Amino acid sequence: MTTRTWAAVTLFALVVALVVVVLLLVPWNDPAAPRAEQLAALRDLPADDVERGRAFHAALRPGSYGALAVGLVVALLLGLTPLGAKLVALGGRPFGDHWIAQALVGGLVVVLVADLVTLPFAAWRHAVVSRHGLSTQGWGGWTADLLKSYVVSAVIGGVALLVFYTVTRLAPRWWWALGAAGAAVLVVLLSLILPVVVEPVFNRFTPMAQGPLRTELMALAERDGAPVRDVLVADASRRTRAVNAYVSGIGPTRRIVVYDTLLREATPGEVKTVVAHELGHTSNDDVFTGTLIGALGAAAAVVTVFLLGSWGGLLRAAGVDSIAEPRAFPLLLAVVAVGALVATPVQALVSRQVERRADVHALTLTGDPATFEAMQRRLFAVNLGDPDPPPWHQLWSASHPSTVQRIAAARAFAEGDRP
Ligand SMILES: [Zn+2]
């Protein structure tokens, strides 16, 4: 068999594995509540909150979709014309056109250009978020966060670029196999390391003060069979009014993290409901499922890039000889950008199903659908949510069921629970 045939067989096996994992580990038997019950939940929400949430999201959407469109056009422009290859070559020029300089400097320049063209949209977003009173961060703090995230992605991206182009040089025929394995390992490492290493760059964590709430949250986790080492409070109020909580770490390092904004805005019962939802993710191993899907998807993406990279027409358009050289990095990014377009709605669909199951877990664990509904109302009011976004927007990118779907589900649970 030729290398290409091996790659095609591998891709087939990866896609089959991906489909099997998605079918088996994602809960598909849990449909959204009927539309009539969603509309009943919508009618019960305070009209001015609904109005505010809708206005906020209507103001955000043009920027989000604008950034998506401009990002895609620029990726295609750099990848499918010789423009991107020239940019990479330019990055290597001061260093005698050495491949390491092209890979590292050229690669990061291309990433930076792609980031900079969408920067106005990010700024627009911050302006909208601030105008609607959701952000507590000034332009100084926003810029500092932006620079921090540039540094984090430059470090991760720089290492990835160096490793990738070292492998393509050492194994010109088989780099896709090593690359696929490496991408899968990287996804696993990032999902383990990111929470521990990157979170502290953006937030400070302090143990929650001893008291009834801390004791109850620890007991809730214990009762759920997922004991935690600690309950931490994140100083999220430095940048936002939005409320949230999550459970991170595995086994003995497991901890509950609660935003200080949540403690300020919500009642203790509502905090318990939010934490019970997060414990649902833990007990269903959703991080494991997500990481597995991400790892298989990343491996499949590398093999796809290899197979597309042997298509002469694409290489000619990009003005390169091989997909494996640093000058072809923009072409690689263009392929990834198109792939992301396909992956976004699929990821959103998987996420919504998983979130729905965590909601059911929270309802079962607390046995308190009334507080669950109160918390959904609070989340939507404080986070300026759109309680019932347009269907196309939900299909495209909603990671959670809508507020009205979650409230309708809680009411259905309450009905079912009644003797
Ligand atoms: Zn969740």
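Let me sum up the structure you'll find in this document. The model shown is predicted, which means the values in this text are computed figures rather than measured ones.

**Overview of the packing of helix α5 (residues 99-131) against helix α6 (residues 139-170)**
Following both chains from N to C, one finds α5 and α6 inclined at 150°, their axes separated by 9 Å at the closest point. Compared by their axis directions, α5 and α6 come out roughly antiparallel. Crossing of α5 against α6: the hand is right-handed. Across the contact of α5 with α6, the residue classes tally to 19 nonpolar, five polar and two charged.

**Points about the coordination of the zinc ion**
For the zinc ion, the full set of protein donor atoms is His-277 (NE2), His-281 (NE2) and Glu-355 (OE), at a range of 2.0 to 2.1 Å. Positions of the donor residues of the zinc ion along the chain correspond to the pattern H-x3-H-x73-E. Of this pair, His-281 sits in helix α11 (residues 268-283) while Glu-355 sits in helix α14 (residues 329-366), placing them 74 residues apart in sequence. By relative accessible area, which is 13% here, His-281 ends up buried.

**Some words on the packing of aromatic side chains**
In the structure shown here, the tally under the stated rule is eight aromatic pairs. Taking the centre distance of 5.1 Å and the plane angle of 80° together, the rings of Trp-139 and Trp-142 count as edge-to-face. Of the two residues, Trp-139 and Trp-142 both sit in helix α6, three residues apart, roughly one turn of that helix. With relative accessibility at 45%, the residue Trp-139 sits in the partly exposed group. Ring geometry for Trp-175 against Phe-306: centres 5.5 Å apart, planes inclined by 80°, an arrangement best described as edge-to-face. Here Trp-175 is found in helix α7 (residues 175-197), whereas its partner Phe-306 is found in helix α12 (residues 286-308), with 131 residues between them in sequence. Every member of this aromatic cluster is reached through a ring pair, and the members are Phe-164, Tyr-165, Trp-174, Trp-175, Trp-176 and Phe-306. Residue placement shows Arg-255 over the ring face of Phe-205; its charged tip is 5.6 Å from the ring centre.

**Describing the pattern of salt bridges**
For the structure on display, the rule yields 16 salt bridges. Among the ionic pairs, Arg-54 bridges to Asp-386, the shortest N-O distance being 3.9 Å. In this pair, Arg-54 sits in helix α3 (residues 47-79) while Asp-386 sits in the loop between α15 (369-382) and α16 (391-397), placing the two residues 332 residues apart along the sequence. Take Arg-54: its relative accessible area is 34%, and that puts it in the partly exposed class. Residue Asp-260 is joined to Arg-264 by a salt bridge in which the shortest nitrogen-to-oxygen separation is 3.8 Å. Remark: Arg-264 and Asp-260 occur in helix α10 (residues 260-265); sequence separation between them is four residues, near one turn of the helix. For Asp-260, a relative accessible area of 14% gives the class buried. Here the salt bridges share partners, and the residues they tie into one network are Asp-44, Glu-373, Arg-377 and Arg-411.

Rules of the game
Residues numbered from 1 in each chain as written. Predicted model: local features only at pLDDT ≥ 70, side-chain atom pairs only at ≥ 80, totals over all residues. Heavy atoms only, no water. Axes fitted to C-alpha atoms, helices over the stretch in contact; angles between N-to-C directions. Helix = DSSP H or I, 4+ residues; strand = E, 2+ residues; numbered from the N terminus. Parallel < 35°, antiparallel > 145°, perpendicular 65-115°, else oblique. Left-handed = near helix turned anticlockwise from the far one by under 90°. Nonpolar A, V, L, I, M, F, W, Y, C, P; charged D, E, K, R; others polar. Donors = N, O, S within 2.8 Å, 3.2 Å for Na, K, Ca; no water. Buried < 20%, exposed > 50% of the residue type's maximum accessible area, 1.4 Å probe, protein only. Phe/Tyr/Trp six-rings, centres within 6.5 Å; stacked < 30°, edge-to-face > 60°. Lys NZ or Arg CZ within 6 Å of the ring centre and 35° of its normal. Salt bridge = Lys/Arg side-chain N within 4 Å of Asp/Glu carboxyl O.

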